[in-house]
Amino acid sequence: MTAANKKDQEYLILDNTVDLPLRLDAGECEGRFLKALRDEKRIWANKCPKCGRQLVVPRPVCAHCYDVEMTEWVEQGDEGVLEHFSISYYPFVHPRTGKIKPVPWANGIIRLDGGAQIWHEVVPPDPAQLKIGDRYKAVWKEEGRTGFIWDILHFEKVASDAPAKALAKADKEPPQLKEPHSLPGMLKVTYHHAPVTLPAGFLLQ
Ligand SMILES: [Zn+2]
């Protein structure tokens, strides 16, 4: 190939996107937990019969005891005490909305009255108001719950002198799954494709 030919050579780049809507099976444990959020605005943990550890979000086996099934279910209420928090001040594109989330915003770990910890957003994200030991209550999405952790919008601080509500004795069995519970997922990949010489020459004509 001559220098002149190289200079005149043209490459064709095609932009392609693979866009596959999909749903992810939540599995038995997480499915039961998410169903209770959606249908009853209740938070359940499951419990290891060996070490007593409770988990929100429930998992099939205890990670501490390794191979012990978490068979017991414990209702947690939707209030608890703040045990840890972090405040973020950097701009953040929210993965669920695609929009920039206003700063600051805060995440916290709350020890629910039933004994399990839950991680969630806490409001207000004010360092002067965020105090370990203060009480927080779940604020639920009232309409359009889909069985997702964000059916709880966030946890909101309640008055510091508010007494802890006694946990109502569970009046029903933990949720059962009659059909698989799935979560929305997305697989979207945009890429550039350079056809080999022969197809490219064909496409340029
Ligand atoms: Zn255990």
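Quick summary incoming for the structure in this document.

What counts, and at which threshold
- Residues numbered from 1 in each chain as written.
- Predicted model: local features only at pLDDT ≥ 70, side-chain atom pairs only at ≥ 80, totals over all residues.
- Heavy atoms only, no water.
- Phe/Tyr/Trp six-rings, centres within 6.5 Å; stacked < 30°, edge-to-face > 60°.
- Helix = DSSP H or I, 4+ residues; strand = E, 2+ residues; numbered from the N terminus.
- Buried < 20%, exposed > 50% of the residue type's maximum accessible area, 1.4 Å probe, protein only.
- Donors = N, O, S within 2.8 Å, 3.2 Å for Na, K, Ca; no water.
- Tetrahedral: all angles 85-135°; square planar, octahedral: opposite > 155°, others 65-115°.
- Pairing = 2+ DSSP bridges.
- Axes fitted to C-alpha atoms, helices over the stretch in contact; angles between N-to-C directions.
- Core = buried A, V, L, I, M, F, W, Y, C linked by side-chain atoms within 4.5 Å.
- Contact = heavy atoms within 4.5 Å.
- Patch = residues over 30% accessible without salt bridge, like charges linked within 9 Å, V, L, I, M, F, W, Y side chains within 5 Å.
- Areas by Shrake-Rupley, 256 points an atom, 1.4 Å probe, with all protein chains shown as cover.
- Salt bridge = Lys/Arg side-chain N within 4 Å of Asp/Glu carboxyl O.

Notes on the packing of aromatic side chains
Working step 1: Enumeration over the complete set of coordinates arrives at one aromatic pair.
Working step 2: Taking the centre distance of 6.4 Å and the plane angle of 80° together, the rings of Trp119 and Trp150 count as edge-to-face. Separated by 31 residues along the polypeptide, Trp119 in strand E9 (residues 117-123) and Trp150 in the loop between strand E10 (135-140) and strand E11 (152-157) bring together distant segments of the chain.
Working step 3: A relative accessible area of 16% means that Trp150 is categorised as buried.

Notes on the coordination of the zinc ion
Working step 1: Protein coordination at the zinc ion comes from Cys48 (SG), Cys51 (SG), Cys62 (SG) and Cys65 (SG), with a distance range of 2.3 to 2.4 Å.
Working step 2: Its four donor atoms give the zinc ion angles of 105 to 114° at the centre, a pattern that matches the tetrahedral case.
Working step 3: Sequence spacing of the donor residues for the zinc ion, all on one chain, is C-x2-C-x10-C-x2-C. Separated by 14 residues along the polypeptide, Cys48 in the loop between strand E2 (44-47) and strand E3 (54-55) and Cys62 in the loop between E3 and strand E4 (72-75) bring together distant segments of the chain.
Working step 4: Residue classification places Cys48 among the buried residues on the basis of a relative accessible area of 1%.
Working step 5: A residue is classified by how much of its surface remains accessible, and Cys62, at 0% relative accessible area, is buried.

Here we look at the sheet that holds strand E5 (residues 79-88)
Working step 1: Around the barrel, which closes on itself, the five strands sit in the order E5-E8-E9-E11-E10 with mixed pairing between neighbours. Strand-to-strand twist of the sheet, defined as the mean angle between neighbouring strand axes without regard to direction, takes the value 50°.
Working step 2: Pairing of strand E8 (residues 105-112) with E9, which is carried by six bridges, proceeds in the antiparallel orientation. What sits directly across from Gly108, in E9, is His120.

Some remarks on the nonpolar core
The nonpolar side chains of a soluble globular protein tend to be buried, and buried together.
Working step 1: Judged by nonpolar contacts, the single largest core of 23 residues is most densely connected at Leu37, Ile43, Ile110, Val122, Ile152 and Phe155.
Working step 2: The set of elements that each furnish at least two residues to this core consists of helix H2 (27-40), E8, E9, E10 and E11.
Working step 3: Those residues in contact with Leu37 that sit more than four places away from it in its chain are Arg42, Ile43, Trp140, Arg145, Phe148, Ile149, Asp151 and Ile152.
Working step 4: Core analysis: the next-biggest nonpolar cluster, separate from the first, contains six residues, Cys48, Cys62, Val68 and Met70 among them.

Overview of unusual backbone geometry
Working step 1: Of note, the bond from Val56 into Val57 is cis; its omega dihedral lies within 30 degrees of zero at 10°.
Working step 2: As for its position among the elements, Val57 is in the loop between E3 and E4.
Working step 3: Of note, the bond from Val123 into Pro124 is cis; its omega dihedral lies within 30 degrees of zero at 0°.
Working step 4: Positionally, Pro124 belongs in the loop between E9 and E10.
Working step 5: Despite not being glycine, Lys41 has its phi angle at roughly 50°, a positive value.
Working step 6: As for its placement among the helices and strands, Lys41 is situated in the loop between H2 and E2.
Working step 7: Residue Lys41 is classed as partly exposed on the basis of its relative accessible area of 29%.
Working step 8: For Tyr66, which is not a glycine, the phi torsion comes out positive at approximately 75°.
Working step 9: Residue position: Tyr66 is located in the loop between E3 and E4.

Considering a nonpolar patch on the surface
Working step 1: Taken together, Val18, Leu20, Leu22, Leu24, Leu187, Val189 and Tyr191 make up a surface patch of nonpolar side chains, about 540 Å² in accessible area.
Working step 2: Breaking the nonpolar patch down by element, the ones donating at least two residues are strand E1 (14-25) and strand E12 (182-193).
Working step 3: By residue number, the principal contributor to the nonpolar patch is E1, which donates four residues.
Working step 4: Along the polypeptide, Leu22 turns up in strand E1.

Examining the sheet that holds E2
Working step 1: As summarised here, the arrangement of the three strands in space is E3-E2-E4, forming an open sheet in which the pairing is antiparallel. The two strands at the open ends of the sheet, each matched to only one other strand, are E3 and E4.
Working step 2: Taken together, the four bridges between E2 and E4 define a ladder with antiparallel strand orientation. Looking across to E4, one finds that Trp44 is bridged to Glu75.

Remember that the coordinates give geometry; whether it matters functionally is a separate question.
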